[in-house]
Each structure stands twice: as structure tokens, then as C-alpha cells.
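This is what each chain is made of:
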Amino acid sequence: MTINRYHRNILIEGFGEEGQKKLQRAKVLVVGAGGLGSPVLLYLAAAGVGTLGIIDFDKVDETNLQRQIIHFTEDIGKSKVQSAAEKISMLNTEVKINAYQELFTEGNARELVRQYDFVIDCCDNYTTKFLINDICEAEKIAFSHGAVLAMKGEVMTCTPGNTTYRSVFGAPPPEDSMPTAAEAGILGAIAGIIGSIQAAEAVKYITGIGELIVNRMLIFDGRKMQFYSLDCKAMSQSFQTTS
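Note that this is a predicted model, so its numbers are computed, not measured. (Residues numbered from 1 in each chain as written. Predicted model: local features only at pLDDT ≥ 70, side-chain atom pairs only at ≥ 80, totals over all residues. Heavy atoms only, no water.)

A.B. asks: Help me out: how do you make sense of the nonpolar core in this one?
C.D. replies: Grouped burial of nonpolar side chains is what soluble globular proteins tend to show. Judged by nonpolar contacts, the single largest core of 39 residues is most densely connected at Val-28, Leu-41, Leu-44, Leu-52, Ile-88 and Ile-120. For this core, the elements supplying multiple residues, two or more each, are β1 (27-31), α3 (37-47), β2 (51-55), α4 (80-91), β4 (118-121), β5 (142-149), α9 (188-207) and β7 (216-221). The dominant element in this core, judged by the number of residues it contributes, is α9, at eight residues. In contact with Leu-52, other than residues within four places in its own chain, are Val-28, Leu-41, Leu-44, Ala-45, Ile-88, Val-95, Lys-96, Ile-97 and Asn-98. Residues Tyr-116, Ile-132, Ile-135 and Cys-232 belong to the second largest nonpolar core, which totals 25 residues. (Core = buried A, V, L, I, M, F, W, Y, C linked by side-chain atoms within 4.5 Å. Buried < 20%, exposed > 50% of the residue type's maximum accessible area, 1.4 Å probe, protein only. Helix = DSSP H or I, 4+ residues; strand = E, 2+ residues; numbered from the N terminus. Contact = heavy atoms within 4.5 Å.)

So this is what it looks like as C-alpha cells:
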């Protein structure tokens with residue numbers, strides 16, 4: 001480990017060299033290498049997380065480049081995991097990369113998740129989000145949920161024994177009942193804000209510093225430039241009462 005590279009991390013109160021060593025030993029799985037996954041992967045690589053797993057089935061498309069900052073123009077047509085892995089290697093050669101060019105499904109999810117200390121939900125569909133929740137809950141592995149659409153975003157961290165994504169939202173909404181990014185758009189900077197928060201949550205969880213976004217959801221309104229915090233524990237109890 002190159003101490004000088006991580007000196008600004010080490011200077012943080014409560015972080016120190018021990019916190020940096022924890023990051024070096026940590027394994028984080030990122031599901032999705034798009035708008036949220038891009039800042040997550042770059043910041044975790046820069047911070048010195050020892051092993052990053054990247055799973056994504058898609059290839060880089062021109063429409064991705066407005067927000068998926070880990071991919072460049074010359075990457076169009078290339079698999080997102082390959083493109084992301086190349087940028088991470090350029091940024092920090094000390095990071096081990098596990099690249100999975102495949103869908104995150106019921107068939108591979110459990111085996112993948114078991115290999116990691118923390119999972120970050122950077123996907124763009126509800127089925128996968130609920131699958132991440134259910135597998136992580138079953139395996140008692142903490143994860144960060146993130147979502148963004150147009151100029152709004154949300155993020156929460158789910159740790160064993162606390163409020164889960166499913167306990168708040170119940171089940172995936174009916175297909176085609178919710179607008180997609182292709183329909184409503186996404187401002188790239190909003191994805192950057194939410195992804196950066198997810199990366200910070202991963203670092204905090206691994207090192208044990210600060211308070212996590214647990215039992216609450218942080219909502220960001222980019223039009224008003226305001227953050228709101230929702231009590232997910234109360235929402236979860238309300239859902240259980242009415243269901």
C-alpha cells in the first residue's frame with residue numbers, strides 16, 4: 001500500500017492508517033456500471049478499496065456518455081465492465097478488479113454476493129433492486145440502494161437487522177407503470193451526487209467512521225437543491241400494518 005497516495009484519507013479524524021488498511025482488505029460489489037456506478041467505482045478505486053467487483057451486461061452506447069463518466073467516446077460498443085475496469089486500472093493499479101459481463105440474476109446473485117463485504121445497487125430496474133435486497137438480507141450483507149431520475153435521487157443504506165428496501169417499498173411496481181430514464185431523462189450531475197453519496201457510505205461502513213443512512217432515506221431534489229430525510233422505519237411499520 002502506497003501511504004502517500006492515501007495521505008488525505010489517513011489525516012481524517014478516526015480514519016488513520018488502520019482505516020486505510022480496512023479499505024485495502026475490503027471487497028465491494030457494484031451492480032451496474034452506468035450513471036451511479038461510474039462515480040461509485042471511481043471514488044472507491046481512488047480511496048483504495050482492495051477489491052472491486054463490477055457486474056453489468058450492457059455495452060457502452062453514445063447516449064450513456066452524458067452521465068456515465070467512467071466511459072469515454074472511444075468506448076462506444078465496448079462492454080461496460082471492460083471499459084470501467086480499464087479506467088480503474090489507469091486510476092489505481094493497486095485495486096483488484098473482478099469483472100462480470102453478465103446479468104445479475106437469481107442464478108448467480110447469491111454466489112456473487114457471498115464473496116463481498118458490501119454491495120452497491122447502481123442498477124436501473126426494480127426487479128434487480130429487489131433481488132439485491134433479498135439476497136443481501138438472506139446473506140446478512142450490507143448494501144447501499146441508490147436511484148435517480150430526471151433531477152431527483154434517493155439513497156439509503158441497509159444493514160443486517162435494520163430497515164430494508166423491500167420493507168419500505170413492498171414489491172416491484174407493475175411493468176411499464178413507472179417512467180424510465182429513456183422517457184424522463186437524467187441530469188448527469190444528479191447521478192454523480194447520488195453515486196458519490198453511495199461511495200461515501202461504503203467507505204464509512206468499511207472503516208466504521210461516521211453515521212450511515214440507516215433506517216431512513218435521503219432524498220435529493222436537484223431543482224430546489226434540497227435534501228430531505230424520510231423515516232423508513234416508520235414507513236416500514238406502516239406498510240406492514242396495511243398489507
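There's more to say after this.
A.B. asks: Is there a simple way to think about the sheet that holds β1 in this case?
C.D. replies: Pairing is mixed across the open sheet formed by eight strands, whose spatial order is β3-β2-β1-β4-β5-β6-β7-β8. Where the open sheet ends on each side, the last strands, each with one partner, are β3 (96-100) and β8 (226-231). The average undirected angle you get between the axes of adjacent strands in this sheet is 15°. Looking at chain direction, strand β6 (residues 152-158) and β7 are connected through four bridges and run antiparallel. Looking at β7, one finds that Val-155 is bridged to Leu-218. (Pairing = 2+ DSSP bridges. Axes fitted to C-alpha atoms, helices over the stretch in contact; angles between N-to-C directions.)

A.B. asks: Help me understand the packing of helix α2 (residues 16-25) against α9, please; the structure alone is not making it clear to me.
C.D. replies: Helix packing for two helices is described by the angle between their axes and how far apart those axes are. Running from amino to carboxyl end, α2 crosses α9 at an angle of 110°, the nearest separation of the two axes being 9 Å. The angle between α2 and α9 places the two elements in the roughly perpendicular class. Note on element contacts: α9 touches α2 through Val-203, Ile-206 and Thr-207, opposite Gly-19, Lys-22 and Leu-23. Of the residues assigned to the contact of α2 with α9, the class counts are three nonpolar, two polar and one charged. (Parallel < 35°, antiparallel > 145°, perpendicular 65-115°, else oblique. Nonpolar A, V, L, I, M, F, W, Y, C, P; charged D, E, K, R; others polar.)

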